[in-house]
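Report on the structure
Below, each chain spelled out in residue letters.
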Amino acid sequence: MNWRTLLRTVGMGAAAFGTSALAGCSGTDGKTPAENEAESIAESAVDERAIESHEPRDDEDGFRVVVTVRNNGDRTTNLVEYGYELVLYDAEGTELARSGTGRETTNETKATPGETATIDVSALSTDYSPAIARYEVSLTCQGAFVDGVYCQS
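Residues numbered from 1 in each chain as written. Predicted model: local features only at pLDDT ≥ 70, side-chain atom pairs only at ≥ 80, totals over all residues. Heavy atoms only, no water.

Let us look at the overall build of the protein chain. A count of helical and extended segments in the protein chain gives two helices and 11 strands. Secondary structure elements of the protein chain occur, N-terminal to C-terminal, as α-β-α-β-β-β-β-β-β-β-β-β-β. A buried classification covers 41% of the 153 residues belonging to the protein chain. Here the analysis covers contacts within the protein chain between residues at least 6 apart in sequence; of these, 62% occur between residues at least 24 apart. With an accessible surface of roughly 7,900 Å², the protein chain has 44% of that area assigned to carbon and sulfur atoms. (Helix = DSSP H or I, 4+ residues; strand = E, 2+ residues; numbered from the N terminus. Buried < 20%, exposed > 50% of the residue type's maximum accessible area, 1.4 Å probe, protein only. Contact = heavy atoms within 4.5 Å. Areas by Shrake-Rupley, 256 points an atom, 1.4 Å probe, with all protein chains shown as cover.)

A word on the packing of aromatic side chains. All chains considered together, the criterion is met by one aromatic pair. R134 extends its terminal NZ or CZ atom over the ring of Y89, reaching a point 4.0 Å from the ring centre. (Phe/Tyr/Trp six-rings, centres within 6.5 Å; stacked < 30°, edge-to-face > 60°. Lys NZ or Arg CZ within 6 Å of the ring centre and 35° of its normal.)

All right, on to the nonpolar core then. Of all hydrophobic cores here, the largest spans 24 residues; its most connected members are V67, L86, L88 and V137. Secondary structure elements with two or more residues in this core: β4 (62-71), β6 (83-89), β10 (116-122) and β11 (134-140). For this core, the leading source of residues is β4, giving four residues. (Core = buried A, V, L, I, M, F, W, Y, C linked by side-chain atoms within 4.5 Å.)

Attention now moves to the confidence of the model for the protein chain. The predicted model of the protein chain has a mean per-residue pLDDT of 73, with 67% of residues at 70 or higher. Averaged pLDDT values for the elements of the protein chain fall to 33 in helix α2 (residues 33-36) and rise to 93 in β11. The low-confidence segment residues 1-38 (pLDDT under 50) makes 86 contacts with residues lying over four places distant or belonging to another chain. (pLDDT = per-residue confidence, 0-100.)

Within β10, six of the seven residues are buried, which leaves the element mostly enclosed by the surrounding structure. Relative to β10, β4 runs antiparallel, the two sharing seven bridges. The residue of β10 that forms the bridge with V66 is D120. (Pairing = 2+ DSSP bridges.)

It is worth spelling out the pattern of salt bridges at this point. With the rule as written, the count across this model stands at seven salt bridges. Note that R98 and E85 form a salt bridge whose closest N and O atoms lie 3.2 Å from each other. Residue R98 is located in strand β7 (residues 95-99), and its partner E85 is located in strand β6; the two are separated by 13 residues in the primary sequence. Exposure remark for R98: the relative accessible area of 48% places this residue in the partly exposed category. Through salt bridges with shared partners, a single network forms among E85, E95 and R98. (Salt bridge = Lys/Arg side-chain N within 4 Å of Asp/Glu carboxyl O.)

Laid out in structure tokens, this is it:
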């Protein structure tokens, strides 16, 4: 079962807190839904920033994950000031791609304490999109242009 099949199966609404189950129907491989299940993970390495939800999107612009982050700290901060890494895997667990630079959004990315904001984290190439079975996305304080208030010591 490839990524596009998984998206059709769940209607692209697989957001949850922490992890998302992305598969759901038996395909031509004869496996049950539980045997086909692939989990995608979103985590934050920054204590004051919690990933509240994540939703995969696969469209003509490529694969991306819409990540909603809650500001659990005491200062207003902007999501674009942090690092993000997106790792894509096929059904066998083989890493297809690792991207740390693709992020964009048309939404408000600033969040005051207790508020959420959304950012799109995307893969840099779409050549492997049909083979994606799961992903891992993380928010970090690593990267060339990272200067978030919670990353400064």
